[in-house]
Amino acid sequence: MMEIKDLIRENIKSLEAYSSARDEFKAMSSEFVFIDANENPFDTGLNRYPDPQQNLVKEALSKMKGISKEQILLGNGSDEVLDLIFRVFCEPREDNVIVLPPTYGMYEVLANTNAIELVKIPLVENFQPNIKEVVKVQDAKTKVLFLCSPNNPTANSFDASSIETLLKEFNGIVVIDEAYIDFSIEDSWLGRLDEFPNLIVTQTLSKAYGLAAIRLGICYASKEIISILNKIKPPYNVNQLTQDVALKALLNRDEVNNQITAITSERNQLIKDLEKLDIVDKVYASDANFLLVKVDNANLRYEQLLNNGIVVRNRSNQMLCENCLRFTIGTKEDNEKLITTLKLI
Ligand SMILES: *Cc1c(COP(=O)(O)O)cnc(C)c1O
């Protein structure tokens, strides 16, 4: 049986979390005089340090997802959450992690900045995980497996049965990055957290919620994993402005839900329009708010689009993505401009 505590770095195990002024005295009651944190006393609504545990945001998430607050950690974007995962489980210059390219580039960036070896097991046909190979290459130093589903840039979700097998067969932490889950027809793995003690699910307000600028990433896991991540997070990693905007967004989801419906219906229209074009070889199935599209000559079409004021992502240098461009679903007008321009060129 795999034990989570055996996966944690020795120095992290013995670490005491930094205790901030706001940790030591939480009750922000107006009856108290607060002269403990060297803040400016004149009230502007922002003169006090923010809640280091973001309790109001977590309460809203907890209600919405049916997951206890002790199983939630918030970060300055998912990128900070992913970095915390590296720093808790991966010993620099010793451990390794597995990624399944083509996938999100930040896993590699974070592996490099943390001096962790990155083992790449390419996706197989239909952009699904190569389960046998993952199970075969893992060794005693393999600490984390990153699964991005729906996957960026391929846009598909991994088969639930494959993910389940990996959760059972992989002897380490399995991170499922669900940045695009709000656009997906698949169920989130949040509902399965209690079954898999090695599961970490990350989500974000950067995509469907339309709040990329506030930087709010969410990590869901067992209480045990969350309490360790909590030990090393910077005390005030989510600022007050972000907490306020996030709370408001989580309590008013109608607008976001309408936008998700609009984006997915625009996506389906864009697929049809793209498939009619001669320069398009293939539009891959999408379970997200973007399309991976194989064209006749990606570098040429990328330049031509740019010259016409349309910025897309050229993914043609990525494994299995030869001559592929990635288009984010824009507004109806954006998408029409894309199609008109592609017809012109
Ligand atoms: C966009 C994206 C994120 C979001 O990262 P944030 O730091 O939360 O903005 C995470 N994972 C994937 C796969 C993404 O494409």
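Computed from a predicted model, the values in this text were never measured in an experiment.

## Concerning the overall build of the chain
- Scanning the chain from terminus to terminus reveals 12 helices and 11 strands.
- Taking 345 residues into account, the globule formula puts the C-alpha radius of gyration at 20 Å, and the chain, at 22 Å, falls close to it.
- Looking at the chain as a whole, 50% of its 345 residues qualify as buried.
- Taking the intrachain contacts of the chain between residues at least 6 apart in sequence as the baseline, contacts between residues at least 24 apart amount to 68%.
- Counting every atom, the chain has about 17000 Å² of accessible surface; 49% of that belongs to carbon and sulfur.

## Some points on the side chain of S162
- With respect to the element layout, S162 can be found in helix 7 (residues 160–169).
- Owing to a relative accessible area of 9%, S162 belongs among the buried residues under this scheme.
- Those residues in contact with S162, other than ones at most four positions away along the chain, are Q128, P129 and I131.

## Description of the site of the ligand
- As a matter of local geometry, the ligand sits amid 13 residues, with S78, Y180, S206, K207 and R215 nearest to it.
- Interatomic distance of 2.9 Å between a side-chain N/O atom of N152 and an oxygen atom of the ligand.
- Here a nitrogen atom of the ligand sits 2.7 Å away from a polar atom, N or O, in the side chain of D177.
- Burial of the ligand by the protein chains amounts to 94% of its free accessible area of 390 Å².
- With three residues, the single largest contributor to the shell around the ligand is helix 4 (residues 77–89).

## Some thoughts on the pairing of strand 3 (residues 117–120)
- In this structure, strand 2 (residues 96–99) lies alongside strand 3, joined through four bridges in parallel fashion. Residue pairing for strand 3: V99 is matched across the bridge by K120.
- Between the parallel elements strand 2 and strand 3, the chain passes through helix 5 (residues 106–113) in a crossover that is right-handed.

## So, the sheet that holds strand 7 (residues 217–220)
- Overall, mixed pairing links the seven strands, which are arranged 1-7-6-5-4-2-3 in an open sheet. Bordering the open sheet on either side are strand 1 (72–75) and strand 3, each of which pairs with just one other strand. Strand-to-strand twist of the sheet, defined as the mean angle between neighbouring strand axes without regard to direction, takes the value 25°.
- In the sheet, strand 1 pairs with strand 7 via four bridges, with the strands oriented antiparallel. Along strand 7, the bridge assignment pairs I72 with Y220.
- Each of strand 1, strand 6 (199–204) and strand 7 touches helix 3 (residues 55–65); the most contacted strand, strand 1, lies at about 130° to it.

## Let's talk about unusual backbone geometry
- In the segment running from P101 into P102, the intervening peptide bond is cis, with an omega of 0°.
- Counting through the fold element by element, P102 comes out in the loop between strand 2 and helix 5.
- The amide bond that connects S149 to the next residue, P150, takes the cis arrangement and shows omega of -5°.
- Inspection of the secondary structure assignment puts P150 in the loop between strand 4 (142–148) and helix 7.

## Re the packing of helix 4 against helix 5
- At a minimum axis separation of 10 Å, helix 4 and helix 5 run at an interaxial angle of 45°. Classed by the angle they form, the pair helix 4 and helix 5 counts as oblique. Taken as a pair, helix 4 and helix 5 cross one another with a handedness that is right-handed. Between helix 4, through D79, L82, D83 and F86, and helix 5, the contact on the second element is made entirely by M106, Y107, L110 and A111.
- When the residues that make up the contact of helix 4 with helix 5 are grouped by side-chain class, the tally is six nonpolar, no polar and two charged.

## Comments concerning the environment of Y180
- In this fold, Y180 is placed in the loop between strand 5 (173–177) and strand 6.
- Taking the C-alpha atoms as reference, Y180 lies 18 Å from V283; in sequence the two are 103 residues apart.

## Notes on helix 7
- Of all the residues in helix 7, the buried ones are S162, I163, L166 and L167. When helix 7 is viewed along its axis, its buried side chains cluster within an angular range of 135° and face the same direction. Every exposed residue of helix 7 that faces more than 90 degrees away from the buried side is listed here: S161 and K168.
- Looking at the buried side of helix 7, the elements it contacts are helix 6 (131–137), strand 4, strand 5 and strand 6.

## Side note on the packing of aromatic side chains
- If you walk through the whole model with that rule in mind, you get seven aromatic pairs.
- Ring plane angle 55° and centroid distance 6.3 Å describe the contact between F32 and F34, whose orientation is recorded as tilted.
- Its relative accessible area of 44% is what places F32 among the partly exposed residues.
- Exposure remark for F34: the relative accessible area of 14% places this residue in the buried category.
- Residues F127 and Y284 carry aromatic rings whose centres are separated by 5.1 Å and whose planes lie at 50° to one another, so their mutual orientation is tilted. Of this pair, F127 sits in the loop between strand 3 and helix 6 while Y284 sits in the loop between strand 8 (280–283) and strand 9 (290–295), placing them 157 residues apart in sequence. The same class applies to F127 as to Y284, namely buried.
- Cluster of aromatic residues (ring-pair linked, three or more members): F86, Y104, Y107 and F146.
- Over the aromatic face of F290 sits the side chain of R326, whose NZ or CZ is 5.7 Å from the ring centroid.

The rules we used
- Residues numbered from 1 in each chain as written.
- Predicted model: local features only at pLDDT ≥ 70, side-chain atom pairs only at ≥ 80, totals over all residues.
- Heavy atoms only, no water.
- Helix = DSSP H or I, 4+ residues; strand = E, 2+ residues; numbered from the N terminus.
- Rg over C-alpha atoms; globule rule 2.2 N^0.38 Å.
- Buried < 20%, exposed > 50% of the residue type's maximum accessible area, 1.4 Å probe, protein only.
- Contact = heavy atoms within 4.5 Å.
- Areas by Shrake-Rupley, 256 points an atom, 1.4 Å probe, with all protein chains shown as cover.
- Near = heavy atom within 4 Å.
- Polar contact = N/O pair within 3.5 Å; in protein donor to acceptor, adjacent residues only side chain to side chain.
- Pairing = 2+ DSSP bridges.
- Right-handed = clockwise from strand over helix to strand, strands pointing away.
- Axes fitted to C-alpha atoms, helices over the stretch in contact; angles between N-to-C directions.
- Parallel < 35°, antiparallel > 145°, perpendicular 65-115°, else oblique.
- Left-handed = near helix turned anticlockwise from the far one by under 90°.
- Nonpolar A, V, L, I, M, F, W, Y, C, P; charged D, E, K, R; others polar.
- Arc of directions from axis to C-beta.
- Phe/Tyr/Trp six-rings, centres within 6.5 Å; stacked < 30°, edge-to-face > 60°.
- Lys NZ or Arg CZ within 6 Å of the ring centre and 35° of its normal.

Scope: geometric values only; no functional claims are made or implied.
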